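Chain by chain, the residues:
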Amino acid sequence: MKSKNKKHLIITLCILVISIVTLVFSNINKEDEDLAVIAEKVNNTIIPKPINYKEAEGKFTLNKDTKIYVKGNTEEETTEITRIAEYLKGKLSPSTGYEFTIVKNEVPSGNSIYLTTVEGKEELGNEGYELTTTTDGIILKAYKPEGLFRGIQTIRQLLPAEIAKSTLVNNVEWSIPASTIYDKPEYAYRGFMIDVARHFFPEDVIKQQIDYAAQYKINRLHLHLTDDQGWRIEIKKYPDLTLIGGSTQVGGGPGGYYTQEQFKSIVQYAADRYIEIIPEVDMPGHTNAALASLAFLNPDGKRKPLYTGIDVGFSTLMTDSEETYEFIENVVKEISAISPSKYFHMGGDEADSTKKEDYDYFVGRVSKIVQKYGKTPIGWDPIDTAPEINSSTILQNWKASNEAAREKNMNMIISIASKAYLDMKYNSATPYGLNWAGYIPVETAYNWDPTDYAPKNLVLGIESPLWTENIATEDEMEFMIYPRLLGYSEIGWTPKSSRNWPEYKVRLERQGLRMENEGINYYKDKDIWKSK
Ligand code: ACM
């Protein structure tokens, strides 16, 4: 090439590179500008987004004399609302240093937060609420006390982010903008799951996670109590299940289990936050811990060795043994007696060592045992493909195929792995978690809807599961759950038509400080928290 031509080519290439760089940067700037415009318009931080939020003139400011008034339609209801008021007081007192005296059954004067079901509209259902804030105070009204509990989460989020601190904060004006909110959930089931089998997490860790999730109006926690690596719930008839089956975990750590008293304590703690605990005993696969504990569950009458790896699909209960069903019945009976939930999760996933016809027979029979103890069975797909499984069982849909469930009109909980699994890494740099269903960045976690996978009339709601093959500590757990759970809570609560990522992103950014103040170890995605 002549040197003149070469010079031309170099100049042209330089211009091209400069143009591309300019274009990319101007797009980034444009994105920032767009976000700033949206941020101007977004006048609150609330997640999940309420159905209707209207700001008015002025504000209400809490002070040392602010009281909480409570009144139900009956004495019993007033007592229940008093407990909700105590909870609210417990969340507002540490940072403000104010007393928040609770007053029962009196007409509130000004400078008050009034929690009441009196004249609460039936159309609000169990969880809806109306929240009116004027310069005089706050009136929170609901049809049921549960709606008041959801509503106080909104009050917390309307206050400055410092409210989330557990120590006294000075020099903050504790005010809420005058506003009216009308709110109720899109879906009745808004849950998350913790796998306590692969790694065991003690009672206090589970309670902490329940309390964190409650502020986002989550109302179900599914505990995956048994798997190949561990059996985590005391069954009095079979002490070896926990003595042996609870003695280790993935990687060979000490494992652990909940006594029935501890399980009841978790259930009560959750119920106090209007969260229902759903117990799961996974079967016929994912059962090595049981097979290692009880010799009679094995074809050769010998206990299997304990397992601390992370393979799946190698274990199965004997589907043609009456002793197996007697065992299951005893387990279901004991757990049902300490679990007030109307649901019992019977697993049913990845039974790769069970022949399809045996699987079908087994899940059909176990679903009837579950029903005998007054519970509605839930099962992972492919439970819906078993002929004996019908619309009295709920499908928890984790793979995309739910054709059989649709044909049978089965209700579904949507937990599609590539969208809803909390154990999937955010991206290739995420230090824990897995990626077999792909990476799930915060945006991907938010940008979907249950109706992408099932007809609305069959969708009970959504659940985001945290499997713990390589999640071993509370910090790691929180890093995977937060901030994605906020998005899942909004998918479950807020109608699809009111949700969009750019606007959500503004509210999520603002929630960062709250999570920080509360001590949640969330993943500080650079795309959302740019300065961090
Ligand atoms: C599952 O992820 N095995 C339900």
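Residues numbered from 1 in each chain as written. Predicted model: local features only at pLDDT ≥ 70, side-chain atom pairs only at ≥ 80, totals over all residues. Heavy atoms only, no water.

Some thoughts on the UniProt feature "domain: Beta-hexosaminidase bacterial type N-terminal" (unreviewed entry) in the protein
Threshold: UniProt positions are given in the numbering used here, feature names are shortened, and annotations may be inferred rather than shown by experiment. A run of H or I in DSSP counts as a helix once it spans at least four residues, and a run of E counts as a strand once it spans at least two, with each numbered from the N terminus.
UniProt records the feature "domain: Beta-hexosaminidase bacterial type N-terminal" (unreviewed entry) at residues 45-183, using the numbering of this structure. As a span, residues 45-183 carries 26% helix and 31% strand, and end to end its C-alpha atoms are 15 Å apart.

Re the side chain of S464
Stated precisely, the cut-off is as follows: Note on contacts: a residue pair qualifies if any of its non-hydrogen atoms lie within 4.5 Å across the two residues.
By the secondary structure assignment, S464 is in strand β17 (residues 459-466). When residues no more than four places from it in sequence are discounted, the contact partners of S464 are G191, F192, M193, A420, L422, L485 and Y488.

A short note on the environment of E55
In this fold, E55 is placed in strand β1 (residues 52-61). Once the C-alpha coordinates of E55 and A178 are considered, the two residues, 123 residues apart in sequence, prove to be 6.0 Å apart. Among residues more than four places away in sequence, those in contact with E55 are N43, P177, A178 and S179.

Side note on the packing of aromatic side chains
Short version of the rule: Pairing of aromatic rings covers Phe, Tyr and Trp, the last through its six-membered ring, and needs centres within 6.5 Å; plane angles under 30 degrees mean stacked, over 60 mean edge-to-face, and all others mean tilted. Throughout, exposure labels follow a simple rule: accessible area from a 1.4 Å probe, protein chains only, divided by the maximum for the residue type, with under 20% read as buried, over 50% as exposed, and the rest as partly exposed. Criterion for a charge above a ring: Arg CZ or Lys NZ at most 6 Å from the ring centre, at most 35 degrees from the ring normal.
Across all of its chains, the model carries 29 aromatic pairs by this definition. When the centroid spacing of 4.8 Å and the interplanar angle of 50 degrees are considered together, the rings of F200 and Y258 count as tilted. With F200 in the loop between β8 (189-195) and α4 (203-214) and Y258 in the loop between α5 (240-243) and α6 (260-271), this pair connects stretches of sequence that are 58 residues apart. Each member of the pair F200 and Y258 is classed as buried. Taken together, W380, W398, Y421, W436 and W467 form an aromatic cluster joined through their ring pairs. Across from the ring centre of Y269, 3.5 Å away, lies the NZ or CZ of R273, which sits over that ring.

Observations concerning the side chain of R232
The test is simple: Here Asp and Glu are counted as negative and Lys and Arg as positive; His is not counted, and neither are the chain ends. Should a side-chain nitrogen of Lys or Arg be within 4 Å of a carboxyl oxygen of Asp or Glu, the pair is scored as a salt bridge. In protein, a polar contact means a hydrogen-donor-capable atom and an acceptor-capable atom, both N or O and within 3.5 Å, with residues adjacent in sequence counting only if both atoms are side-chain atoms; elsewhere, any N or O pair within 3.5 Å suffices.
As for its position among the elements, R232 is in the loop between β11 (230-231) and α5. Notably, R232 is buried but unbridged: the nearest opposite-charge side chain belongs to D195, and the N-O separation is 6.9 Å. Looking at R232, its side chain comes within polar contact range of the main-chain oxygen of V196, at 2.9 Å. Within the structure, the side chain of R232 is placed 2.8 Å from the backbone oxygen of T248, a separation counted as a polar contact.

Some points on the sheet that holds strand β3 (residues 102-104)
Basically, it comes down to this: If DSSP finds at least two bridges between two strands, the strands pair. The axes used here are C-alpha line fits, helices contributing only the stretch in contact, and every angle between their N-to-C directions lies in the interval 0 to 180 degrees.
Spatial ordering of the open sheet is given by β1-β7-β5-β6-β4-β2-β3, a layout of seven strands whose pairing is mixed. A single partner strand is all that each edge strand has here, and the edge strands are β1 and β3. Ignoring strand direction, the axes of neighbouring strands in this sheet form an average angle of 20 degrees. Across five bridges, the pairing between strand β2 (residues 67-71) and strand β4 (residues 112-116) is parallel. The partner of K71 across the bridge, within β4, is T116. Across the sheet, helix α2 (residues 75-96) lies against β2, β3 and β4, angled at about 160 degrees from β2, the strand it touches most. This element, helix α3 (residues 145-158), spans β1, β4, β5 (129-134), β6 (137-141) and β7 (175-183) of the sheet and lies at about 35 degrees to β5.

Section: the nonpolar core
Just so we agree on the cut-off: Nonpolar cores are built from buried Ala, Val, Leu, Ile, Met, Phe, Trp, Tyr and Cys residues. Side-chain atoms within 4.5 Å join them into one set.
Among the nonpolar cores identified, the biggest contains 139 residues, and L115, I206, L223, W231, F327, I328 and Y482 are the most heavily contacted of them. A total of seven residues in this core trace back to one element, the largest contributor, which is helix α8 (residues 322-338). Those residues within four positions of L115 in sequence are excluded, and the remaining contacts are I68, Y69, V70, K71, I81, I84, A85, L140, L148 and I152. Among the nonpolar cores identified, the runner-up in size contains seven residues, and Y189, I278, I394 and I413 belong to it.

What about the pattern of salt bridges?
By the definition in use, this model includes 29 salt bridges. D527 serves as the salt-bridge partner of K530, at 4.0 Å between the closest nitrogen and oxygen. With a relative accessible area of 45%, K530 lands in the partly exposed category.

Notes on the UniProt feature "domain: Glycoside hydrolase family 20 catalytic" (unreviewed entry) in the protein
As annotated by UniProt and renumbered to match this structure, "domain: Glycoside hydrolase family 20 catalytic" (unreviewed entry) occupies residues 187-495. Measuring from the first to the last C-alpha atom of residues 187-495 gives 9 Å, for a span that is 32% helix and 16% strand.

Quick look at α8
Selection criterion: Helix span, expected: 1.5 Å multiplied by one less than the number of residues in the helix.
The end-to-end C-alpha distance of α8, which contains 17 residues, comes to 25 Å, matching closely the 24 Å that a straight helix rising 1.5 Å per residue would cover. Among the residues making up α8, those that are buried are T324, Y325, F327, I328, N330, V331, V332, E334, I335, S336 and I338. If you check the start of α8, you find a side-chain oxygen 3.2 Å away from the backbone N of E323, and it comes from S321.

Some points on unusual backbone geometry
Following M283, the chain continues to P284 via a peptide bond in cis, the omega torsion being 5 degrees. Cis geometry marks the peptide bond from D381 to P382, where omega comes out at 20 degrees. Assignment of secondary structure puts P382 in the loop between β14 (376-380) and β15 (394-397). Even without being glycine, N171 reaches a positive phi, approximately 60 degrees.

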